[in-house]
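Reading the structure
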Amino acid sequence: MTSPFAPFKHRLFAAFWTGAFVSNIGTWMETVGIGIYVTSATNQSAWTGLVAAAGFLPGAFLGPVGGALADRLPRKTLLITTTSIQTALATLLTILAATGSPSPGLVTLIVLASGCAQAIGFPTYQSLLPDLVPPEDLVGAVALSTAQWNLGRVVGPALAAIVIGIGGYAWAFGINAFSFLAVIAAIMLLKLPPPRPHHGQSIRAAIGQGIGYVRRDPGLRVVMGYMFINTFLAAPFIALVPAMSLIVLHSGETGTGVLISAQGLGAVVMALSLANLALRFGSRRVMLTALWALPPAIAAYAVMPTLALSAIALFLVGLIYFGALSSFMSIAQVRAPAEIRGRVVSLLAVVLGSLFPLGAVLQGALADEVGLRETTVGSAVLMLLALVAMKIRNPRFADALDLPPTPVAVPSPAAPEPD
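This one's a predicted model, so the numbers in the text were calculated from it and none came from an experiment.

With that settled, consider the overall build of the protein chain. Assigned secondary structure in the protein chain consists of 16 helices and 0 strands. What you see for the protein chain is a C-alpha radius of gyration of 21 Å, in line with the 22 Å of a compact globule of 419 residues. Seen through its principal axes, the protein chain has C-alpha atoms that stretch 60 × 50 × 50 Å. Within the protein chain, residue pairs in contact and separated by at least 24 positions form 87% of the contacts whose partners lie at least 6 positions apart.

With that settled, the discussion passes to the nonpolar core. Most often, soluble globular proteins keep nonpolar side chains buried together rather than apart. The biggest cluster of nonpolar side chains holds 120 residues, and the ones touching the most others in it are Phe 16, Leu 132, Tyr 226, Met 287 and Phe 328. Those residues within four positions of Phe 16 in sequence are excluded, and the remaining contacts are Leu 79, Tyr 125, Leu 128, Leu 132, Ala 186, Ile 187 and Leu 190.

The next point concerns the environment of Pro 157. Examined against the element boundaries, Pro 157 turns out to sit in helix 7 (residues 138–167). Assessed through its relative accessible area of 1%, Pro 157 is described here as buried. The spatial distance from the C-alpha of Pro 157 to the C-alpha of Ile 25 is 8.3 Å, given a sequence separation of 132 residues. Those residues within four positions of Pro 157 in sequence are excluded, and the remaining contacts are Trp 28, Val 32, Gly 152, Gly 257, Ile 260 and Ser 261.

Let us look at the pattern of salt bridges. Close approach of charged atoms allows side chains of opposite charge to pair. Under the definition given, this model contains 5 salt bridges. Taken together, the shared-partner salt bridges in this structure form one network comprising Arg 284, Arg 396, Asp 399 and Asp 402.

What follows covers unusual backbone geometry. Here His 250, not a glycine, exhibits a phi torsion of approximately 55 degrees, which is positive. Assignment of secondary structure puts His 250 in the loop between helix 11 (241–248) and helix 12 (252–281). Owing to a relative accessible area of 63%, His 250 belongs among the exposed residues under this scheme.

All right, on to a nonpolar patch on the surface then. Taken together, the side chains of Leu 57, Phe 61, Leu 106, Leu 109 and Leu 112 make up a nonpolar region of the molecular surface, amounting to roughly 460 Å² of accessible area. Among the elements that take part in the nonpolar patch, helix 5 (residues 104–127) stands out by supplying 3 residues, more than any other. Mapped onto the fold, Leu 109 is located in helix 5. Using a relative accessible area of 55% as the deciding quantity, one classes Leu 109 as exposed.

Here we come to the packing of helix 5 against helix 15 (residues 341–370). Where helix 5 contacts helix 15, the axes come no closer than 8 Å and their chain directions differ by 125 degrees. As judged from the angle between their axes, helix 5 and helix 15 are oblique. The chirality of how helix 5 crosses helix 15 is right-handed. Facing helix 5, whose interface residues are Phe 122, Pro 123, Gln 126 and Ser 127, helix 15 presents Arg 341, Gly 342, Val 345, Ser 346 and Ala 349. Taken together, the residues of the contact of helix 5 with helix 15 sort by class into 4 nonpolar, 4 polar and 1 charged.

With 95% of its residues at a pLDDT of 70 or more, the protein chain has an overall mean of 85. Across the protein chain, helix 16 (residues 372–393) holds the top mean pLDDT of 95, while helix 2 (residues 45–56) sits lowest at 77. For residues 414–419, every residue scores under 50 in pLDDT, and the model assigns this stretch 2 contacts once sequence neighbours within four places are set aside.

With that settled, the discussion passes to helix 14 (residues 307–335). With 29 residues, helix 14 extends 41 Å from end C-alpha to end C-alpha; this agrees with the ideal 42 Å at 1.5 Å per step. Counting buried positions along helix 14 yields 22 of 29 residues, so the element is predominantly enclosed.

Our focus in this paragraph is the packing of aromatic side chains. For the structure shown, the criterion picks out 9 aromatic pairs. Plain terms: the ring middles of Phe 16 and Tyr 125 are 5.2 Å apart, the flat faces sit at 40 degrees to each other, and that makes the pair tilted. A residue pair is termed long-range when its members are at least 10 positions apart, and Phe 16 in helix 1 (residues 11–42) and Tyr 125 in helix 5 qualify at 109 residues. Exposure class is identical for Phe 16 and Tyr 125. Each is buried. One aromatic cluster is present, formed by Phe 5, Phe 8, Phe 13, Trp 17 and Phe 21 through successive ring pairs.

All right, on to the packing of helix 4 (residues 75–99) against helix 8 (residues 169–189) then. Interaxial distance between helix 4 and helix 8 falls to 8 Å at its minimum, and their mutual angle equals 165 degrees. Here helix 4 lies roughly antiparallel to helix 8, going by the angle between them. Seen along the crossing, helix 4 lies across helix 8 with a hand that is left-handed. In terms of residue class, the contact of helix 4 with helix 8 is made up of 14 nonpolar, 8 polar and 1 charged.

Take helix 11 next. What sets the pattern is the α-helix's 3.6 residues per turn: residues three or four places apart point alike. Within helix 11, 6 of the 8 residues are buried, which leaves it mostly tucked inside the rest of the structure. Taken residue by residue, helix 11 has Val 241, Pro 242, Ala 243, Met 244, Ser 245 and Leu 246 as its buried positions. Tucked into the core, helix 11 has its buried residues touching helix 1, helix 2, helix 12, helix 13 (283–303), helix 14 and helix 16.

Right, let's get into the environment of Val 32. Examined against the element boundaries, Val 32 turns out to sit in helix 1. Looking at Val 32, the relative accessible area reads 3%, which means it is buried. Between the C-alpha atom of Val 32 and that of Phe 315, which follows or precedes it by 283 residues, the distance is 17 Å. In contact with Val 32, not counting residues within four places along its chain, are Pro 157, Ala 160, Thr 256 and Ile 260.

Position of Thr 375 among the secondary structure elements: in helix 16. Reaching out from Thr 375, the side chain makes a polar contact with the backbone oxygen of Gly 371 at a distance of 2.8 Å. Ignoring any residue separated from it by four or fewer positions in sequence, one finds Thr 375 in contact with Gln 363, Leu 366, Ala 367 and Val 370.

Further remarks concern the side chain of Asp 217. Relative to the elements of secondary structure, Asp 217 occurs in the loop between helix 9 (203–216) and helix 10 (218–234). A distance of 2.8 Å separates the side chain of Asp 217 from the backbone nitrogen of Leu 220, its partner in a polar contact. At 2.8 Å, the side chain of Asp 217 and the side chain of Arg 335 are in polar contact. Beyond its immediate sequence surroundings of up to four residues, Asp 217 is in contact with Arg 335, Pro 404, Pro 405 and Thr 406.

What counts, and where the lines are drawn
- Residues numbered from 1 in each chain as written.
- Predicted model: local features only at pLDDT ≥ 70, side-chain atom pairs only at ≥ 80, totals over all residues.
- Heavy atoms only, no water.
- Helix = DSSP H or I, 4+ residues; strand = E, 2+ residues; numbered from the N terminus.
- Rg over C-alpha atoms; globule rule 2.2 N^0.38 Å.
- Contact = heavy atoms within 4.5 Å.
- Core = buried A, V, L, I, M, F, W, Y, C linked by side-chain atoms within 4.5 Å.
- Buried < 20%, exposed > 50% of the residue type's maximum accessible area, 1.4 Å probe, protein only.
- Salt bridge = Lys/Arg side-chain N within 4 Å of Asp/Glu carboxyl O.
- Patch = residues over 30% accessible without salt bridge, like charges linked within 9 Å, V, L, I, M, F, W, Y side chains within 5 Å.
- Areas by Shrake-Rupley, 256 points an atom, 1.4 Å probe, with all protein chains shown as cover.
- Axes fitted to C-alpha atoms, helices over the stretch in contact; angles between N-to-C directions.
- Parallel < 35°, antiparallel > 145°, perpendicular 65-115°, else oblique.
- Left-handed = near helix turned anticlockwise from the far one by under 90°.
- Nonpolar A, V, L, I, M, F, W, Y, C, P; charged D, E, K, R; others polar.
- pLDDT = per-residue confidence, 0-100.
- Expected span 1.5 Å × (residues − 1).
- Phe/Tyr/Trp six-rings, centres within 6.5 Å; stacked < 30°, edge-to-face > 60°.
- Polar contact = N/O pair within 3.5 Å; in protein donor to acceptor, adjacent residues only side chain to side chain.

Next up, the structure:
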């Protein structure tokens, strides 16, 4: 049995994790503040889903570019650049909130721009983890890295409720802008290997090589297939938590913080358990168990009549959802060779960046028509039916995860330009 904290033995990982954690506390303060602000200003679930989607949508378009850049540019420089852009946008949002009441549309545009920077930087962030820890600690490092994002989800909303109550939205947004300095300081400490030669490949060709590799590798096709279902049908519950609290449960800003913290706490508990679960049962079994358990958990959360019961159910949902998502990420990183890892990870970002916003907007709009409880239960039922259909169509679909990774095809050098 291995310690869930084993990756912290490695100094650079510990420093990077700590800086990212401080930054994510600020990010969640801003996320909760924006969700409450937009929902209160519009009283519509569709707007709640839209502003949440704006932060993820760029991943569908810019994620592959970020993956190609992660495999060919100095990753330290790339991370500092994208993080600095996010810092500037958080500062702009702070100024707007302090000097007036920005429209929901303007807030959504700022979130969209910050999402663009995040989409470029995310593949770099994910692909550098194998350079910070040895292979035996990689699953734990992936779990802890995602856990700090969710631990920020526990601390951030609680602080946001206090800060917004005392100083207003501008204070929450300002703390987020300041918190980015912690992750920039951590990035400055990193010592990363130089990028590998790209054989004269264009960005477009590099992206195509990443897509081709995922198509050829049967294990990655399994990850992508399950991630499609999980992201489109299950993940939108995250974006609609403010609407569940404000519109359905009538629990206000405090209820939003409670629910988001409950989900994050569940994810943290899973993160501390995931490395041992994967070691004992294998990542494949952990992933499949989480996928099949998620629909009934989401349905139970949807029908809970009180804030307390909803928080308990959402704790369970957060635990199970994190088990599935972290399994997707760790399996992909283990299977992807180093020279193409950034591009493989970026395609997971494409799934998140395209299907999560689409699902959030559709479920938010449907919730305005038929009710959020009914919509959430319906999405859980559809996910369960999709899993059953995949099982019937190919009972041994997941067996491909046991096959060795596909070798990378080395690209030919680019042809010289004609005189």
